[in-house]
Amino acid sequence: MATSSKTILCHFSGLKIYPGHGKRFIRVDSKIYNLIDSKAEALTHARKNPRQISWTQPYRKVHKKGLLEEVKSKKVRRTVKSVKAIVGASLEVIRAKRDQSAALREETLKNIKENKKKKVAEKEAAKQTSAKKAATPAVTPKATATTTKAAATTSTPAPAKKAAAPAPAKKAAAKK
C-alpha cells in the first residue's frame, strides 16, 4: 500500500507542508494560502513581510544565507566575433583591407591625403580667381534718359515689383 506524500510549500515561510499538517486560508477574492502553523497564519493576517522575518526562506534567500549548499557553477560567456558590412563598404572590401599589409595600407593613405590636398588647393585657386573678378569694377555704359524710355516702351510688361524700378529714371529726366 503506497501512500502519496505530496508536499506543498507554506505561503509565508516557504517551508514544506506534509500531508495532514498545516492550514489552508482562502481569501475573499478566492486566493488560496497554505500555511504551516499558527505562527505563519498570525504573521500573514498581520500582513508582515516574510522577507523581513529572519526564520523564513524568503529572508534567507534575500540575505544570501545558506548558499553553500546551493553552489551553482557560473556560465562562461564566450564572445563570438562577427564581421558585418558597414554602410559605406561591403563585407568583401572590409576583408580585403584587413588582409592588406601595413606598408600597402600606409601607401594608400598617403595617396588619399595627397588627393585631398590637391582638391583643397584647387578650391583655393578657384576662390582667388573669383575674388579677383569681383574686385575689378565692371564697366557699364551710362544710360541716358532717352535710352531708358525707349527700352521701357519696347520691353514686355514686367511684374508689379519690377515696374517700380524705372521711376528713378523719370525723376532724372524731370531734373533736366
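For the structure given in this document, a descriptive report is provided here. (Residues numbered from 1 in each chain as written. Predicted model: local features only at pLDDT ≥ 70, side-chain atom pairs only at ≥ 80, totals over all residues. Heavy atoms only, no water.)

Of the regular secondary structure elements, the chain holds seven helices and four strands. Ordered by position in the sequence, the α and β elements of the chain form the string β-β-β-β-α-α-α-α-α-α-α. When burial is assessed residue by residue, the chain has 9% of its 176 residues classed as buried. When the accessible surface of the chain is summed, it comes to about 16,500 Å², and 58% of that surface belongs to carbon and sulfur atoms. (Helix = DSSP H or I, 4+ residues; strand = E, 2+ residues; numbered from the N terminus. Buried < 20%, exposed > 50% of the residue type's maximum accessible area, 1.4 Å probe, protein only. Areas by Shrake-Rupley, 256 points an atom, 1.4 Å probe, with all protein chains shown as cover.)

What follows deals with unusual backbone geometry. If you check the backbone angles, Arg 47 has positive phi at about 60° while not being a glycine. Note on placement: Arg 47 falls in the loop between helix H1 (38-45) and helix H2 (57-62). One non-glycine residue, Lys 64, lies in the positive phi region at around 55°. Tracing the backbone shows Lys 64 in the loop between H2 and helix H3 (91-99).

Pairing between strand S3 (residues 23-26) and strand S4 (residues 32-35): four bridges, direction antiparallel. Looking across to S4, one finds that Lys 23 is bridged to Leu 35. Taking the residues between adjacent antiparallel strands as the criterion, S3 and S4 are bridged by five residues, where Ser 30 takes a positive phi near 70°. (Pairing = 2+ DSSP bridges.)

Another point: the nonpolar core. In terms of nonpolar packing, the biggest core is built from seven residues, these being Cys 10, Phe 12, Ile 17, Leu 35, Ala 40, Leu 43 and Ile 53. In contact with Ile 17, not counting residues within four places along its chain, are Lys 6, Thr 7, Ile 8, Leu 9, Cys 10, Gly 22, Asn 34, Leu 35 and Ile 36. (Core = buried A, V, L, I, M, F, W, Y, C linked by side-chain atoms within 4.5 Å. Contact = heavy atoms within 4.5 Å.)

On the surface, Lys 113, Lys 116, Lys 117, Lys 119, Lys 123 and Lys 127 cluster together to form a positively charged patch. On the accessibility criterion, Lys 119 (55% relative accessible area) is exposed. (Patch = residues over 30% accessible without salt bridge, like charges linked within 9 Å, V, L, I, M, F, W, Y side chains within 5 Å. Salt bridge = Lys/Arg side-chain N within 4 Å of Asp/Glu carboxyl O. Lys, Arg positive; Asp, Glu negative; His and termini not counted. Charge placed at Lys NZ, Arg CZ, Asp CG, Glu CD.)

Relative to the assigned elements, Lys 84 resides in the loop between H2 and H3. Considered as a pair, Lys 84 and Ile 94 are 10 residues apart in the sequence and their alpha carbons are 9.0 Å apart. Setting aside its immediate chain neighbours within four residues, Lys 84 contacts Leu 91 and Ile 94.

Moving on, we come to the pattern of salt bridges. Pairing is possible between side chains that carry opposite charge, provided their charged atoms lie close to one another. Overall, the coordinates contain two salt bridges when judged by the stated rule. Close ionic contact of Lys 23 with Glu 41 constitutes a salt bridge, the shortest N to O distance being 3.0 Å. Here Lys 23, found in strand S3, pairs with Glu 41, found in helix H1; they are 18 residues apart in sequence, far enough to count as distant. Its salt-bridge partner being Arg 27, residue Asp 29 comes within 3.0 Å of it at the nearest N-O pair.

Applying the stated criterion to the full structure yields two aromatic pairs. Their ring planes at 50° and their centres at 6.2 Å tell us that Phe 12 and Trp 55 sit as a pair that is tilted. Here the residue Phe 12 occupies a position in the loop between strand S1 (8-9) and strand S2 (16-17), and Trp 55 occupies one in the loop between H1 and H2, the gap between them amounting to 43 residues. In this arrangement the basic side chain of Lys 31 is found over the ring face of Tyr 33, its NZ or CZ atom lying 5.1 Å from the centre. (Phe/Tyr/Trp six-rings, centres within 6.5 Å; stacked < 30°, edge-to-face > 60°. Lys NZ or Arg CZ within 6 Å of the ring centre and 35° of its normal.)

What follows is about the side chain of Ser 13. Note on placement: Ser 13 falls in the loop between S1 and S2. When its relative accessible area of 0% is taken as the criterion, Ser 13 is described as buried. Looking at Ser 13, its side chain comes within polar contact range of the main-chain nitrogen of Leu 15, at 3.4 Å. If we skip the residues at most four places from it in the chain, Ser 13 touches Ile 36, Trp 55, Thr 56, Gln 57 and Pro 58. (Polar contact = N/O pair within 3.5 Å; in protein donor to acceptor, adjacent residues only side chain to side chain.)

Remember, this is a structural readout, not a statement about activity or role.
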